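# What the coordinates show
If you want the building blocks of each chain, they are given just below.
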Amino acid sequence: MLKVYDVEGFPNPARVRMALAEKNATEAVTFVPVDVMGGEHRGEAFKAKNPDATVPCMELECGTNVSRCTPIIEYIDGQFEGASLIGDTPKQRALTQMMNLRAEEGLVDAVGAYFHHATDGLGPELETDQVPAWGERQKGKATATMRYFNDVLADQTFVAGDVYTMADITLLAGLGFADFAGVSVPEGLNNLNEWRERVAARYEEN
Ligand SMILES: N[C@@H](CCC(=O)N[C@@H](CS)C(=O)NCC(=O)O)C(=O)O
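Here the structure is a predicted model, which means the values were calculated and not measured.

Here is what the cut-offs are and how they apply
All chains use their own residue numbering, which begins from 1 and follows the written sequence. Per-residue local features of the predicted model are confined to residues with pLDDT of at least 70, and side-chain atom pairs are confined, for both listing and counting, to 80 or more; whole-chain, interface and lining totals are unaffected and use all residues. Based on all heavy atoms of the structure, the side-chain values leave hydrogens and waters out of the count. Segments assigned H or I by DSSP are reported as helices when at least four residues long, segments assigned E as strands when at least two residues long, and all are numbered from the N terminus. Our radius of gyration is a C-alpha quantity, and the globule rule it is checked against amounts to 2.2 Å times the number of residues to the power 0.38. Burial status follows relative accessibility: with a 1.4 Å probe on protein chains alone, a residue under 20% of its type maximum counts as buried, one over 50% as exposed, and anything between as partly exposed. For the area figures, the Shrake-Rupley method with a 1.4 Å probe applies, and any residue is considered shielded solely by the protein chains shown. Positive charge is attributed to Lys and Arg, negative charge to Asp and Glu, and no charge count is given to His or to the chain ends. Lysine's charge is taken at NZ, arginine's at CZ, aspartate's at CG and glutamate's at CD. Throughout this document, a residue counts as near a molecule or strand when at least one of its heavy atoms sits within 4 Å of that molecule or strand. Using a 1 Å grid laid over the protein atoms alone, points where a 1.4 Å probe fits but cannot get out form a cavity; open sets with protein on both sides within 12 Å along at least 5 of 7 lines form a pocket; any residue with an atom within 4 Å of a point counts as lining. Molecule-in-pocket calls rest on the fraction of atoms, with more than half required to lie within 2 Å of the cavity or pocket grid points. One less than the residue count of a helix, multiplied by 1.5 Å, gives the span that helix is expected to have.

### Observations concerning the overall build of the protein
Assigned secondary structure in the protein consists of seven helices and four strands. The linear arrangement of helices and strands in the protein, starting from the amino end, is β-α-β-α-β-β-α-α-α-α-α. Computed over the C-alpha atoms, the radius of gyration of the protein is 17 Å, within 12% of the 17 Å expected from 2.2 N^0.38 for a compact globule of 206 residues. Burial status across the protein gives 46% buried among its 206 residues. Counting every atom, the protein has about 10600 Å² of accessible surface; 49% of that belongs to carbon and sulfur. With 18 positive and 32 negative side-chain charges, the protein shows a spacing of 5 Å between the two charge centroids.

As structure tokens, then:
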């Protein structure tokens, strides 16, 4: 069985969990909890699977490990039935990758940098190399990214066009991370807020 090493509720693991939910494949995976707060991900046993020392990490049935959300979601997309999360045509794939990168770098990673560098982050045991000014700068990048996607969503239903893709998943996870880290959505971003309410409903329990 496929394994996903992660922490439930953390923002990057949430991206993979949403992709699995889209493909009705959550039951096809065993989730293996990693004690990130205790530093397990930085130990040699975990780094042998994922030298990035991050979650999520997916272990395939053959024992190969895949880390980073985008390649993991690419794998999920190809492995399971259901509407594509990465695009069916070259144009859709290119736009999905482009928007996914904008959401990842501009929001998930920027909020992460703010969280890890300009707040207590994961606590003093783990946050041993903070550069607070850089973290603050990244908060501004996150806010600018929210404004950018608000403009994008004025003209289209989803982040990469008229179908739901992994770029929507990345943006949704990034907004969740922003809430957690205390990076507010600026007033008046109605397109972004309306989109968020609409896509978040896909993951609400009935
Ligand atoms: N870009 C990576 C980001 C992974 C990441 O940063 N995960 C966080 C949890 S949301 C983590 O493992 N943090 C551990 C740490 O900061 O030490 C991906 O796509 O998987």
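### What about the site of the ligand?
Taken together, 15 residues lie near the ligand, and His 41, Arg 42, Thr 54, Val 55 and Cys 69 sit nearest. In isolation the ligand exposes 520 Å². Once the protein is present, 84% of that is buried. If you map the ligand onto the pockets, it falls in the largest pocket. When residues of the shell around the ligand are traced back to their parent elements, those giving at least two are helix 1 (11-22) and helix 4 (90-118). The dominant element in the shell around the ligand, judged by the number of residues it contributes, is helix 1, at four residues.

### Some thoughts on helix 6 (residues 166-181)
For helix 6, with 16 residues, the first-to-last C-alpha span of 22 Å sits near the 22 Å given by 1.5 Å per residue. For helix 6, a buried count of 13 out of 16 residues is recorded, marking the element as mostly surrounded by other parts of the structure. Residue Gly 182 follows helix 6 closely and has a positive phi angle near 85°.

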